[in-house]
Amino acid sequence: MINETDGRLGTCCIYEAVDGEAIREHARRVGMPGDDFMPIGATVVVRPDPA
């Protein structure tokens, strides 16, 4: 959770995408904000996808 400047709680998601525009497009399609993001320089967690 993230404390937003207006006092609300926000969320932080980690996406794997080819570029920022792919993240913006995904956010637009699902109807959520997607204009505030930053790249992660290295892999954070390595585990196989659940079956």
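Before any of the text, the structure's been laid out above.
Thresholds applied
Residues numbered from 1 in each chain as written. Predicted model: local features only at pLDDT ≥ 70, side-chain atom pairs only at ≥ 80, totals over all residues. Heavy atoms only, no water. Helix = DSSP H or I, 4+ residues; strand = E, 2+ residues; numbered from the N terminus. Rg over C-alpha atoms; globule rule 2.2 N^0.38 Å. Buried < 20%, exposed > 50% of the residue type's maximum accessible area, 1.4 Å probe, protein only. Lys, Arg positive; Asp, Glu negative; His and termini not counted. Charge placed at Lys NZ, Arg CZ, Asp CG, Glu CD. Salt bridge = Lys/Arg side-chain N within 4 Å of Asp/Glu carboxyl O.

Asks: Describe the overall build of the chain, and please don't skip the residues or the numbers.
Replies: The helix and strand inventory of the chain stands at 1 helix and 2 strands. Along its sequence from the N terminus, the chain presents helices and strands in the succession β-β-α. The C-alpha radius of gyration of the chain comes to 13 Å, more than 25% above the 10 Å expected for a compact globule of 51 residues. Projected onto its principal axes, the C-alpha positions of the chain cover 35 × 25 × 20 Å. Expressed as a percentage of the 51 residues in the chain, the buried residues total 10%. Side-chain charges in the chain split into 5 positive and 9 negative, and the spacing between the mean points of these groups amounts to 4 Å.

Asks: Give me the pattern of salt bridges: which residues, what numbers.
Replies: Enumeration over the complete set of coordinates arrives at 4 salt bridges. In this structure, Arg8 and Asp6 form a salt bridge, with 2.7 Å as the shortest nitrogen-oxygen distance. The pair Arg8 / Asp6 is uniform in exposure class, with both members exposed. Between Arg29 and Glu25 there is a salt bridge, with its nearest N and O atoms 2.8 Å apart. Of this pair, Arg29 and Glu25 both sit in helix H1 (residues 20–30), 4 residues apart, which is roughly one turn of the helix. Judged by its relative accessible area of 65%, Arg29 is exposed. Since its relative accessible area comes to 25%, Glu25 is described here as partly exposed. A cluster of three or more residues bridged by salt bridges with shared partners is formed by Glu25, Arg28 and Arg29.

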